Amino acid sequence: MAVSLSVSRILSSVSLFLITLDIQINGLLGSQDVDQHLEMGKKLLAAGQLADALSHYHAAVDGDPSNYLTYFKRATVYLALGKSKSALPDLTKVLELKPDFSAARLQRGNVLLKQGKLVEAEADYRAVVS
């Protein structure tokens, strides 16, 4: 009975180890996928293929929702497409993840100004220059 209990504990520990290892490996592979989407988005953006670039930046955001740069790059494409209303949530997310990212704050201020939200735009502009 003691032997079967020990074997059960060992198997349980091995299972936990394998699950942890699988999660870590998937995280590493996911990071490579995100990097590939970011690189493709950059190339397509440079080639003026904004809709295709946007789809790669969508995939990058989905693959790594904690990376502020994925949101910023997607917002940049939205702005290039003239979709400032769609860029605003991404710029806000960037600032949630990295409050000191001045380029995102400046762009958000510009979007807010275009939307007539003068008080909020002024707050972003003041934060950039302070």
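Residues numbered from 1 in each chain as written. Predicted model: local features only at pLDDT ≥ 70, side-chain atom pairs only at ≥ 80, totals over all residues. Heavy atoms only, no water.

Colleague: Residues and numbers for the confidence of the model for the protein, please.
Modeller: Model confidence for the protein is summarised by a mean pLDDT of 82, while 77% of its residues fall at 70 or above. By mean pLDDT, the top-scoring element of the protein is helix α4 (residues 84–97) (97), and the lowest-scoring one is helix α1 (residues 2–46) (59). Note on residues 3–8: pLDDT under 50 across the span, and 0 contacts to partners over four residues away in sequence or across chains. Within the model, the stretch residues 10–29 combines pLDDT values under 50 with 0 contacts to residues more than four positions away or in other chains. (pLDDT = per-residue confidence, 0-100. Helix = DSSP H or I, 4+ residues; strand = E, 2+ residues; numbered from the N terminus. Contact = heavy atoms within 4.5 Å.)

Colleague: Any chance you could break down helix α5 (residues 102–114) for me, citing the residues and the numbers?
Modeller: Counted at 1.5 Å a residue, the expected span for α5 with its 13 residues is 18 Å, and the 18 Å between its end C-alpha atoms agrees. Among all positions of α5, only Ala104, Arg105, Arg108, Gly109, Val111 and Leu112 are buried. End-on view of α5: buried residues confined to an arc of 165°, all on one side of the axis. Contacts from the buried residues of α5 go to α3 (68–80), α4 and α6 (118–129). (Expected span 1.5 Å × (residues − 1). Buried < 20%, exposed > 50% of the residue type's maximum accessible area, 1.4 Å probe, protein only. Arc of directions from axis to C-beta.)

Colleague: Mind laying out the nonpolar core, listing which residues take part and the relevant values?
Modeller: Counting residues in each nonpolar core, the largest one holds 24 residues, and the members touching the most others are Phe72, Val77, Leu91, Val94 and Ala104. The dominant element in this core, judged by the number of residues it contributes, is helix α2 (residues 50–63), at 6 residues. Setting aside chain neighbours within four positions, we find valine 77 in contact with Leu45, Leu50, Ala53, Leu54 and Tyr57. (Core = buried A, V, L, I, M, F, W, Y, C linked by side-chain atoms within 4.5 Å.)

Colleague: Requested: an account of the side chain of arginine 108, with residues and values cited.
Modeller: With respect to the helices, strands and loops of the structure, arginine 108 is situated in helix α5. Side-chain polar atoms of arginine 108 contact the side chain of aspartate 124, separated by 2.7 Å. Leave out the neighbours within four places in its chain, and arginine 108 touches Leu88, Leu91, Thr92, Leu95 and Asp124. (Polar contact = N/O pair within 3.5 Å; in protein donor to acceptor, adjacent residues only side chain to side chain.)

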